[in-house]
Amino acid sequence: MEVSHSVKGPNSSQPSKQSRVGINETDLPANSRCVEINVICLPSNPSRVEINLADLPSDPGLRPGIMDYNPNDRDQICRYSIAKEAAYCLCCYLFKPDIGHQSSGESFVGEGFSNWKKCDRIRTHVGRPNSAHNQAWGKCENLLNQRQHIQTVLDNQSNKVQTMYRIRLNATVNCVRFLLKQGLPFCGNDESADSSNQGNFLELLKFLSDHNEEVRGVTFDNAPQNLKLVAPTIQKDIVNAAACETIKVIVRELDDAQFSVLVDEARDVSVKEQMAIDAMENLFCRLGLSTSRLRGQGYDGASNMQVVTVVGVSCKRCGVLREKQLERVVQALRIGELSRGQGLNQETNLQRPGDTCWGSHYRTLVRLMGMFDSAIDVLEIILEEGSNTDQRAELNVLLDNLHSFEFVLNLHLMRAILAITSELSLALQKKDQEIVNAMTLVQMSKIGLQMMRDSGWDSLLEEVVSFCVKKKINIPNMDDKFVPQGRGRRNAPEITNLHHYRFEIVYTVIDLQLQELNDRFTAANSELLLCVACLDPRNYFSSFDKKTLLRLAEFYPKEFSPVGLMVLYDQLDTYIFDMRSSDEFSRLNGLTDLSEKMVETGREKLYPLAYLLLTLALILPVATASVERVFLAMNIVKNRLRNKMSDQWLNDSLVVYIERDVFDGIPNETIIQHFQDMKIRRGQL
């Protein structure tokens, strides 16, 4: 170890004498951390300002800095310095908390060093391991250690907080994702800390934290009070972010292609009219869609029946109905009216007709006819147990209607009409619609209804009369004057019962149904659909017809100009030859499979006009089955316990629930980033 000893002259700023004194390291204390000591010896100089120990502030930050000293002195100061016979330790000078405190040790040595070979002063000043000097020396080392720098500590703390926030937010998103996909409610009736059931969201997050140590360390009591990420507003923001990202994916896939719009309305559980797409123009603007790319529109409606509502509203009434029906089945089997056998005479009940599926109305009518007597018995029991006058009056009217000839006629008439159109309804409800089969069923339905109108009255009347005789319902004389219910004979129109039942009821209903089919499937629409059927890839494109496909292109003049039609005419020959000669296209089951295979093999670029025809055919809204499925999903998401959902909350939940396949492909990080960008958050990533 060396001590550099330099002496300056009284009238010069340069050192007049410099000596190097050797110090044996064994002379220093064992706990000494000084490796090299540079000392400046300054003789008494009146021109210099003496250092007054009492004047130095106790706060190291307020003491004079090294730059405040003479430049010639500043260059020599490192570990220890001596000024005017007073030596001070630089590390103690910087970090000693209190200069005048004896327990802290000495920063200054008033008498200086008279003999550099003796290190008693240095040994005394260094002291024991916990001395003030060694504590100050440790602080000096920490200051020079980058890992222990204050900014480094703050950065590490910030990174730790961000990591904990990300884990907590990711756990919240996982819980939201699960509940959305299952269509489950989020909140509970009692979400207080001492509640035994805090609702699906909190209970699911609690379950996740109980089974994941990392999540447990950042959620609930281990999370900041103002950043737990469990508030309903946070849940709704995350759901909105998920819905927006799902829509983004759909719109991104759509790109600038043509699209169709399906619009429908129905009553939700809160008896509120809902539409699949509301404020359409605003929606198009928000999603960046142009109406110029719109190539199809579809609409539909809904209804219900009263008898099933009265009986099906109570589980007890349904149970009584099943018991009555069972008694009648047993009696019919006993007297031989019904046959025994496997699969026969199964237990059944009145099926509530769906608001969006006409096929369910047909099944409801069939079951009502089969359980007519049992339904009457249940209504009579309800009448006897009626709790108020209004209910009893309503049931009396309902029973009178059920026992009327006109009701039985309408029951058999609607069953016959829906039987004719049942297969068509089922075909149009399928996701992958067979255009050719659907058009065949349309024609068959029209023919069947027309035959029923022309020659079906006698058989219908015979069937109704037979039913009334069996159920002991009065049958009116068809030649008598018709008297409307609730009117006197004096004001009744001069028509017979035959005219009323046959022309005013049967023919009118059949004509309305025929008109509906003609309006839905006009000659132009039928031609369009038959043209689309020529794209069918089944049986090696056996339905392909070049002339018909050119006619299909003429329905879309914006896509196919006269020049485009000429190019399509030439392209179709190469297209059909390629399709029929390729094994990849030999086992396709519909237009959807064809479009996917063309994209997969790059054929959509080889035959762009043929692929455009296929795209237009796929977006053609033949029926509104897709929108009806939306309302079926709405009844799951907005159920009786969630009947106060806001429109935005319902819309976001439905988008994710319906488009689950798209939502599955969206990573949590995308949803998290959208959530963070919605507004300023307390937690930052």
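Note on numbering: residues in each chain are counted from 1, in written sequence order. In keeping with the predicted nature of the model, local features appear solely for residues at pLDDT of at least 70, side-chain atom pairs appear and are counted solely at 80 or more, and the whole-chain, interface and lining totals rest on all residues. Water and hydrogen atoms were dropped before computing side-chain values, which therefore reflect all heavy atoms in the structure.

A. Looking closely at empty space enclosed by the protein. Residues are said to line a cavity or pocket when one of their atoms sits within 4 Å of a point; the points come from a 1 Å grid over protein atoms alone, cavities being sets where a 1.4 Å probe fits but cannot get out and pockets being open sets with protein on both sides within 12 Å along at least five of seven lines. Grid points are joined across faces, edges and corners, and a volume is the space filled by probe spheres set on the points. All chains considered together, the criterion is met by four cavities of 30 Å³ or more. By volume, the second largest cavity is sized at about 40 Å³. Forming the walls of the second largest cavity are Leu179, Leu180, Gly183, Leu184, Phe186, Val637, Arg642, Ser653 and Tyr657. At the level of elements, α5 (150-182) and α27 (647-658) are the ones that each hand at least two residues to the lining of the second largest cavity. Classification convention: Asp, Glu, Lys, Arg as charged; Ala, Val, Leu, Ile, Met, Phe, Trp, Tyr, Cys, Pro as nonpolar; all other residues, Gly among them, as polar. Residues belonging to the lining of the second largest cavity are distributed by class as follows: six nonpolar, two polar and one charged. Think of it this way: any DSSP run of H or I at least four residues long counts as a helix, any run of E at least two long counts as a strand, and we number them from the N terminus.

B. The confidence of the model for the protein, seen in detail. Within the protein, residue pLDDT values average 74, and 65% of them lie at 70 or more. Ranking the elements of the protein by mean pLDDT puts strand β1 (residues 2-8) last, at 35, and helix α22 (residues 562-581) first, at 94. Residue-level confidence of the predictor, termed pLDDT, takes values from 0 up to 100. The contact rule is simple, with two residues in contact once any of their heavy atoms fall within 4.5 Å. Across residues 308-314, confidence stays below pLDDT 50; counting only partners more than four residues off in sequence or on other chains, it has 19 contacts.

C. Layout of the environment of Gln258. Structurally, Gln258 can be placed in the loop between α8 (232-254) and β7 (259-262). Under the scheme applied here, a residue whose accessible area is under 20% of the maximum for its type counts as buried, over 50% as exposed, and between as partly exposed, the area being computed with a 1.4 Å probe on protein chains only. Given the relative accessible area of 7%, Gln258 is considered buried. Gln258 sits 301 residues away from Glu559 along the chain, and the two C-alpha atoms are 10.0 Å apart. Contact partners of Gln258, with chain neighbours within four places excluded, come to Arg293, Arg295, Glu559, Leu612, Thr615, Leu616 and Ile619.

D. Representation of unusual backbone geometry in the model. A positive phi angle, near 60 degrees, is found at Leu229, a position not held by glycine. Relative to the helices and strands, Leu229 is located in the loop between α7 (213-216) and α8. Residue class for Leu229 comes out buried when judged on its relative accessible area of 6%. The phi dihedral of Tyr540 is positive, around 55 degrees, even though this residue is not glycine. Accessibility expressed as a relative area gives 47% for Tyr540, which makes it partly exposed.

E. Layout of the packing of aromatic side chains. The criterion for an aromatic pair is that two Phe, Tyr or Trp rings (for Trp, the six-membered ring) have centres within 6.5 Å, with stacked assigned to planes under 30 degrees apart, edge-to-face to planes over 60 apart and tilted to the rest. As enumerated under the stated definition, the model contains eight aromatic pairs in all. With centroids separated by 5.7 Å and ring planes inclined at 75 degrees, the aromatic side chains of Tyr575 and Tyr607 adopt a geometry described as edge-to-face. Of the two residues, Tyr575 sits in helix α22 while Tyr607 sits in the loop between α24 (603-606) and α25 (608-618), which places them 32 residues apart along the sequence. Judged by its relative accessible area of 2%, Tyr575 falls in the buried class. Of the aromatic side chains, those joined through ring pairs into one cluster are Phe186, Phe201 and Trp649. To sit over a ring, a charge needs its Lys NZ or Arg CZ within 6 Å of the ring centre and within 35 degrees of the ring normal. Against the face of Tyr569 rests Lys546, its NZ or CZ located 3.3 Å from the ring centre.

F. Main features of the nonpolar core. Nonpolar cores are built from buried Ala, Val, Leu, Ile, Met, Phe, Trp, Tyr and Cys residues. Side-chain atoms within 4.5 Å join them into one set. Formed by 82 residues in total, the largest nonpolar core has its most connected members in Leu552, Phe560, Tyr575 and Leu594. In terms of residues, this core owes the most to one element, helix α15 (residues 405-429), which gives eleven residues. Apart from the residues lying within four places of it in its own chain, the contact partners of Tyr575 are Phe541, Phe544, Leu594, Met598, Tyr607 and Ala610. Ala243, Trp649, Val655 and Tyr657 belong to the second-largest nonpolar core, a separate cluster that totals 41 residues.

G. A look at the side chain of Glu245. Relative to the elements of secondary structure, Glu245 occurs in helix α8. Glu245 gets classed as buried once you look at its relative accessible area, which sits at 8%. Looking at Glu245, its side chain comes within polar contact range of the side chain of His674, at 2.8 Å. Apart from the residues lying within four places of it in its own chain, the contact partners of Glu245 are Ile666, Thr670 and His674. Nitrogen and oxygen atoms within 3.5 Å of one another constitute a polar contact, given that in protein one can donate a hydrogen and the other can accept it, and given that sequence-neighbouring residues count only through two side-chain atoms.

H. Just helix α23 (residues 591-601), in detail. Buried within α23 we find Leu591, Leu594, Ser595, Lys597 and Met598. All buried residues of α23 lie within an arc of 165 degrees about the axis, which places them on one face of the element. Every exposed residue of α23 that faces more than 90 degrees away from the buried side is listed here: Glu596 and Glu600. Of the surrounding elements, those touching the buried residues of α23 are α19 (523-533), α20 (538-541), α22, α24 and α25. For this quantity, the arc is that covered by the directions from the helix axis to the C-beta atoms.

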